[in-house]
Protein chains: 2
Amino acid sequence: MQNLIICGGAGTRLWPISTPENPKQFLQIFQKKSLFQLTLERNSHFCERFLVILGQKQRNIAKKQANAALNTNFMLEPVGRNTAPAIGLACFSVNPEEIFLVSPADHLIKADESYKLALQKAETLAKKGNLVTFGISPTYAETGYGYIEAKGEAVLSFCEKPELAVAQSYLEAGNYLWNSGMFCFKAGVYLQELSRHAPEIFQACKAAYQNSSEGLVRMEDMLQIPKESIDYAVMEKSDKVKVVPFAGGWSDLGSFDSLFGVVNSDESVSIDSSNNLVIAEGKTVALLGVRDSIVVADGDNILVCHKGESQKVKDVCEMLAKKKKKREAGSL
Amino acid sequence: MQNLIICGGAGTRLWPISTPENPKQFLQIFQKKSLFQLTLERNSHFCERFLVILGQKQRNIAKKQANAALNTNFMLEPVGRNTAPAIGLACFSVNPEEIFLVSPADHLIKADESYKLALQKAETLAKKGNLVTFGISPTYAETGYGYIEAKGEAVLSFCEKPELAVAQSYLEAGNYLWNSGMFCFKAGVYLQELSRHAPEIFQACKAAYQNSSEGLVRMEDMLQIPKESIDYAVMEKSDKVKVVPFAGGWSDLGSFDSLFGVVNSDESVSIDSSNNLVIAEGKTVALLGVRDSIVVADGDNILVCHKGESQKVKDVCEMLAKKKKKREAGSL
């Protein structure tokens, strides 16, 4: 199997430590390793080759963080067009019989026995010509994820991010799984299904790949490719889709709240304080009478957030971007 | 009148913005002015000359912040010995008939009509040979200040920082005033009373002043002077003490809590947040769902504190100092 690592990510959900220049997957906050590095490490037990597809700007940091002992290639997108094209470009670059394990670079997954079993099952199904998606057994009624309605290996439907009441009914029903963004299939099968269900993307990817050189896709070709997710372009339409449930430790780390208990808290001194998360490398942080709070500092940027509200960090980024724009307009 | 400005202060109560090198009185956080500058400005309406007594290390910052248009002299202590010696040294340097308005550099006082009237009354009493202390009409049962039990101009007793129940009884009684640390008297009268009630301090100050040159007291002389407050050495013992009540706006700014409503909050972006104080010049601070909190950042130091608990900042400083010591011992 070859591991295709999708390394996109806007970097707004973990501001200020993640930024467009230094997105989440490259932050070395997990015992000094990044999620990208943990992904390589985890999958090196199952894959001999790695293909990393990522934004051109992140080439240097990715090459620096990659493990030199692993057989790793890079494909560079001058601009992102979502997952269906990224995976399409990657599939054109290999033998159609090659099996890809597709994994986002920014998820935290425990590489335990259940992970191993899920990968083995997925590989077997992929060999038979299926498009395999991985579904995480939900542990609570999360409203921030899409769901997969499953019946054994069969997918009955893909469900958008639900309202809370709907998420609760999914949890009770027992056969709804979180859509993980991980996949497994033969490159040729994916391209076949892409050409059938999203022929425009297929054609544009084919042309873009043919014009690319040394792993770098040209900007003008990239802009010709419609933006689309793999779920919408292929998985929701193809009749070759199977789902492999996975009940292991998984987190998409989409917010600081999801980092509680996962990364070490950094506070230097704390008095009458409890249940806080502090991420502030190289800083001295004192907490006084602070509870259920998130404090993140990087450079001259500081976030203080009540626990449970860190989903709104992207709004902070938007507001700061607007302020910056205004300031720049004012100074012209 | 000459204004004697006592510029001591350890700088631990407003950490991290105040430090031993940059104590509270020199922080330019009041519309870009420091408390030291505001003290000069406020008293320039009543005094023609200024004598600033301060630690040797703070000479440069004080000279930089002083208003060149004012007649200002400096007396430098290589090490602090509390207020009784500081004021004693100053009194030796002037004509015994000179009237000193003694004021700490780190209080915030509104220079309104009631301040003017209090100063006029104090000057009149000082001319008659009294040691005048200023008592602030309390607005709540503060346990962090000493109190003066008054009967008109007469002082019945000086009271230590009280327990809450005692402070409440003071507030109800109506004739207890906060001990402000401001005084007014003739230099000669202070020295006379100092020689009567604290002859050791008087003698040591006299010798230290005689050996000083260009306003700088010698270290070996300074170390001979017993440490004592003016209250304990003189005011509580002398029968020449009078009190002038002052009901104007006054704050000793002894904690970040006392800065609420006094300095501008610095937050850059704030969502679902209210009643916070942010002091973080040059930083971008985002608050998300944060209420009743204090966030202070300076350099690489960050304090997050729940409102009402900022008295404990000095404990933070102690803990950090201990940690530093331990670290240094460990690296030897």
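Given the structure is predicted, the values throughout are model-derived calculations rather than measurements.

A. Just the overall build of chain A, in detail. A count of helices and strands for chain A gives ten helices and 16 strands. Its C-alpha atoms give chain A a radius of gyration of 21 Å, within 12% of the compact-globule value 20 Å for 332 residues. Burial status across chain A gives 52% buried among its 332 residues. Within chain A, counting contacts between residues at least 6 apart in sequence, those at least 24 apart form 67% of the total. In the form shown here, chain A has an accessible surface area of approximately 15100 Å², with 48% of it arising from carbon and sulfur atoms. Of note, chain A has its 37 positive side-chain charges centred 3 Å away from the centre of its 38 negative side-chain charges.

B. The pattern of salt bridges, seen in detail. If you walk through the whole model with that rule in mind, you get 26 salt bridges over all chains. The residue Glu98(A) makes a salt bridge to Arg49(A) at a minimum N-O spacing of 2.5 Å. Taken together, the residues span a long stretch of sequence, with Glu98(A) in the loop between helix H3 (83-92) and strand E4 (99-104) and Arg49(A) in strand E2 (residues 49-55) at a distance of 49 residues. Across the salt bridge formed by Lys24(B) and Asp106(B), the nearest N and O atoms sit 3.4 Å from each other.

C. Region of interest: the packing of aromatic side chains. Overall, the coordinates contain 24 aromatic pairs over all chains when judged by the stated rule. Taken together, a centroid distance of 5.8 Å and an interplanar angle of 70° make the contact between Phe46(A) and Tyr115(A) edge-to-face. Placement of the pair is Phe46(A) in the loop between helix H1 (35-43) and E2 and Tyr115(A) in helix H4 (residues 113-127), with a sequence separation of 69 residues. For Tyr115(A), a relative accessible area of 1% puts it in the buried group. Look at Tyr140(B) and Trp178(B): their rings are 5.3 Å apart centre to centre, the planes differ by 70°, and that puts the pair in the edge-to-face class. Remark: Trp178(B) occurs in strand E9 (residues 176-186) and Tyr140(B) occurs in the loop between strand E6 (131-136) and strand E7 (147-151); sequence separation between them is 38 residues. What makes Trp178(B) buried here is its relative accessible area of 3%. Ring pairing ties together the aromatic residues Tyr140(A), Tyr145(A), Trp178(A) and Trp250(A), which thus form one cluster.

D. Layout of the packing of helix H3 (residues 83-92) of chain B against helix H6 (residues 187-197) of chain B. Residue and element names in this part refer to chain B. Running from N to C, H3 and H6 cross one another at 130°; their axes reach a closest spacing of 9 Å. Judged by the angle between their axes, H3 and H6 are oblique. Remark: the crossing between H3 and H6 carries left-handed chirality. Taken together, the residues of H6 that come into contact with H3 (itself represented by Thr 83, Ala 84, Ile 87, Gly 88, Cys 91 and Phe 92) are Ala 187, Tyr 190, Leu 191 and Leu 194. Looking at the contact of H3 with H6 residue by residue, the classes come out as eight nonpolar, two polar and no charged.

E. Representation of the interface of chain A and chain B within the structure. Contact with chain A, which involves 33 residues of that partner, is made by 33 residues of chain B. Summed over both sides, the interface of chain A with chain B buries roughly 2700 Å², with 65% coming from carbon and sulfur. For the chain A face of the interface with chain B, the top three residues by lost area are Leu288(A), Ile302(A) and Val304(A), together amounting to 25%. For the pair chain A and chain B, the number of links is four salt bridges. Here Asp300(B) and Lys283(A) are joined by a salt bridge, their closest N and O atoms 3.1 Å apart. Our count for the chain A to chain B interface comes out at 20 residue pairs in polar contact (both at pLDDT 80 or more). As paired strands, strand E14 (residues 284-288) of chain A and strand E16 (residues 301-306) of chain B are joined by five bridges and run parallel to one another. Across the sheet, the residue bridging to Leu288(A) is Cys305(B), located in E16(B).

F. Representation of the relation of the copies chain A and chain B. Expressed as a screw operation, the relation of chain A to chain B combines 0.0 Å of axial shift with a rotation of 180°, fitting to an RMSD of 0.1 Å. In short, the pair behaves as if placed about a two-fold rotation axis. Interface residue correspondence from chain A to chain B reaches 100%, placing this contact among same-surface, isologous pairings.

G. Main features of helix H1 (residues 35-43) of chain B. A large share of H1(B) lies buried, amounting to eight of its nine residues. Looking at the buried positions of H1(B), the neighbouring elements they touch are strand E1 (2-6), strand E2 (49-55), helix H2 (59-65), strand E4 (99-104), strand E5 (108-109) and helix H4 (113-127) of chain B.

H. How the structure looks around the sheet that holds strand E15 (residues 293-298) of chain A. Across the sheet, which stays open at both edges, the five strands sit in the order E13(A)-E15(A)-E16(A)-E14(B)-E12(B) with mixed pairing between neighbours. Two strands lie at the open edges of the sheet, namely strand E13 (277-279) of chain A together with strand E12 (269-271) of chain B, each paired on one side alone. Across the sheet, the axes of successive neighbouring strands diverge by a mean angle of 5°, strand direction being ignored. Of the strands in this sheet, strand E16 (301-306) of chain A together with E12 and strand E14 (284-288) of chain B touch helix H10 (residues 313-331) of chain A, which is tilted by about 145° from E12(B).

I. Representation of the pairing of E7(B) in the model. All names here are of chain B. Most of E7 is tucked away: four of the five residues are buried. When E7 meets strand E8 (residues 154-159), the two strands line up antiparallel, connected through five bridges. Bridge assignment links Ile 148 to a residue of E8, and that residue is Phe 158. In this antiparallel pair of consecutive strands, E7 and E8, the connection spans two residues, and Gly 152 shows a positive phi of 60°. Note that E7 and E9 share three bridges and pair antiparallel. Counted as the bridge partner of Tyr 147 is Trp 178 from E9.

J. Just the confidence of the model for chain A, in detail. In the predicted model, chain A carries a mean pLDDT of 93, and 99% of its residues have values of at least 70. Across the interface, the model reports ipTM at 0.81; the global pTM reads 0.82.

K. Structural context of H4(B). All names here are of chain B. Its 15 residues give H4 an end-to-end C-alpha distance of 21 Å, which sits within 8% of 21 Å, the value for a rise of 1.5 Å per residue. The secondary structure elements touched by the buried residues of H4 are H1, E4, E5, E6, E9 and strand E10 (241-246). Directly after H4, the chain includes Gly 129, whose backbone phi takes a positive value near 95°.

L. Broad picture of unusual backbone geometry. Residues and elements named next belong to chain A. Cis peptide bonds are those with omega within 30 degrees of zero, and the linkage from Trp 15 to Pro 16 qualifies with 5°. A positive phi is found at Lys 32, a non-glycine position, where the angle reads about 70°. Looking at the secondary structure, you find Lys 32 in the loop between strand E1 (2-6) and H1. A relative accessible area of 64% means that Lys 32 is categorised as exposed.

M. Region of interest: the side chain of Ser310(A). Along the chain, Ser310(A) falls in the loop between E16 and H10. Take Ser310(A): its relative accessible area is 1%, and that puts it in the buried class. Within the structure, the side chain of Ser310(A) is placed 3.3 Å from the backbone nitrogen of Phe256(A), a separation counted as a polar contact. Setting aside residues no more than four positions away along its own chain, Ser310(A) makes contact with Ser255(A), Phe256(A), Asp257(A), Ile294(A), Cys305(A) and Leu288(B).

Rules and cut-offs
Residues numbered from 1 in each chain as written. Chains lettered and ligands numbered in written order. Predicted model: local features only at pLDDT ≥ 70, side-chain atom pairs only at ≥ 80, totals over all residues. Heavy atoms only, no water. Helix = DSSP H or I, 4+ residues; strand = E, 2+ residues; numbered from the N terminus. Rg over C-alpha atoms; globule rule 2.2 N^0.38 Å. Buried < 20%, exposed > 50% of the residue type's maximum accessible area, 1.4 Å probe, protein only. Contact = heavy atoms within 4.5 Å. Areas by Shrake-Rupley, 256 points an atom, 1.4 Å probe, with all protein chains shown as cover. Lys, Arg positive; Asp, Glu negative; His and termini not counted. Charge placed at Lys NZ, Arg CZ, Asp CG, Glu CD. Salt bridge = Lys/Arg side-chain N within 4 Å of Asp/Glu carboxyl O. Phe/Tyr/Trp six-rings, centres within 6.5 Å; stacked < 30°, edge-to-face > 60°. Axes fitted to C-alpha atoms, helices over the stretch in contact; angles between N-to-C directions. Parallel < 35°, antiparallel > 145°, perpendicular 65-115°, else oblique. Left-handed = near helix turned anticlockwise from the far one by under 90°. Nonpolar A, V, L, I, M, F, W, Y, C, P; charged D, E, K, R; others polar. Buried area = accessible area lost by both parts, 1.4 Å probe. Polar contact = N/O pair within 3.5 Å; in protein donor to acceptor, adjacent residues only side chain to side chain. Pairing = 2+ DSSP bridges. Least-squares fit on C-alpha atoms with pLDDT ≥ 70 in both. pLDDT = per-residue confidence, 0-100. Expected span 1.5 Å × (residues − 1).

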